[in-house]
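# Structural description and commentary
Take a look at the letters that make up each chain.
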Amino acid sequence: SAVISQKPSRDICQRGTSLTIQCQVDSQVTMMFWYRQQPGQSLTLIATANQGSEATYESGFVIDKFPISRPNLTFSTLTVSNMSPEDSSIYLCSVDDGGELFFGEGSRLTVL
Amino acid sequence: AQKITQTQPGMFVQEKEAVTLDCTYDTSDPSYGLFWYKQPSSGEMIFLIYQGSYDQQNATEGRYSLNFQKARKSANLVISASQLGDSAMYFCAMREVPFNTPLVFGKGTRLSVIA
């Protein structure tokens with residue numbers, strides 16, 4: 001099973017700044033997904049990131065706000081840009097490894 | 001489009017009792033997979049159990065079982081012999097087959113186990 005390391009695990013950020021979240025997988029995976037979980041809510045898909053192509057964003061999420069990089073089959077980053085308090089959430093990366101889905105431990109961001 | 005409905009925002013259960021968490025789904029795809037995840041307060045997503053749409057038997061994993069009623073489009077999670085450590089958020093989710101799509105999640109049910 002894939003093991004996912006997500007960094008940072010938590011952070012407190014100032015309004016207007018940007019933060020990049022890293023997702024490292026211990027095996028090569030084709031598909032990676034980024035989710036947002038606002039306080040008390042369910043997981044909402046931000047985008048699907050496949051290596052070698054532009055990320056595909058869900059309705060309500062745009063590349064300027066959530067740029068994603070996927071430089072290789074084991075790594076991806078999600079940047080939350082120009083943060084506001086509404087961006088305070090847990091951000092989770094997920095990978096598909098042979099049909100099984102695995103999640104990182106999440107990055108809990110608080111924006112002041 | 002896929003949709004997952006969890007109608008119980010919160011549930012209480014006495015320790016050592018069994019509890020059923022409800023999940024209904026909607027999809028036009030004949031091939032799909034249903035998942036249950038546990039999310040403790042620490043935030044990580046813990047996979048519990050999986051049911052494929054063509055599986056004849058209900059899935060079981062230790063104290064977890066899935067009551068799959070395909071005609072009713074329901075996939076309820078049954079936790080037997082509840083423990084205090086079972087207190088957490090529980091999410092029902094689905095994805096279409098072939099598995100190159102993300103999971104779609106329900107709103108979740110917060111389970112509280114009482115001593």
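Everything below is about the structure shown above.
Quick look at the structure, then. Given the structure is predicted, the values throughout are model-derived calculations rather than measurements.

### Regarding the state of the cysteines
Residues and elements named next belong to chain A.
- Under the criterion given, the structure shown has two disulfides over all chains.
- In this model Cys-23 forms its disulfide with Cys-93; the gap between the sulfur atoms is 2.0 Å. In this structure, the disulfide formed by Cys-23 and Cys-93 twists by about 70° around the S-S bond and is classed as right-handed. Note that Cys-23 is positioned in strand 3 (residues 19-25) and Cys-93 in strand 9 (residues 89-97), a separation of 70 residues in sequence.
- Owing to a relative accessible area of 0%, Cys-93 belongs among the buried residues under this scheme.
- Unpaired in this structure, Cys-13 has its nearest cysteine sulfur neighbour in Cys-93, at a distance of 17 Å.

### Here's the deal with the sheet that holds strand 1 (residues 4-7) of chain A
All names here are of chain A.
- Overall, antiparallel pairing links the four strands, which are arranged 1-3-8-7 in an open sheet. For this open sheet the edge positions go to strand 1 and strand 7 (68-72), each flanked by a neighbour on one side alone. When the angles between neighbouring strand axes are averaged without regard to direction, this sheet yields 15°.
- Where strand 3 and strand 8 (residues 75-80) come together, six bridges link them in antiparallel fashion.

Calculation notes
Residues numbered from 1 in each chain as written. Chains lettered and ligands numbered in written order. Predicted model: local features only at pLDDT ≥ 70, side-chain atom pairs only at ≥ 80, totals over all residues. Heavy atoms only, no water. Disulfide = S-S within 2.5 Å. Helix = DSSP H or I, 4+ residues; strand = E, 2+ residues; numbered from the N terminus. Buried < 20%, exposed > 50% of the residue type's maximum accessible area, 1.4 Å probe, protein only. Pairing = 2+ DSSP bridges. Axes fitted to C-alpha atoms, helices over the stretch in contact; angles between N-to-C directions.

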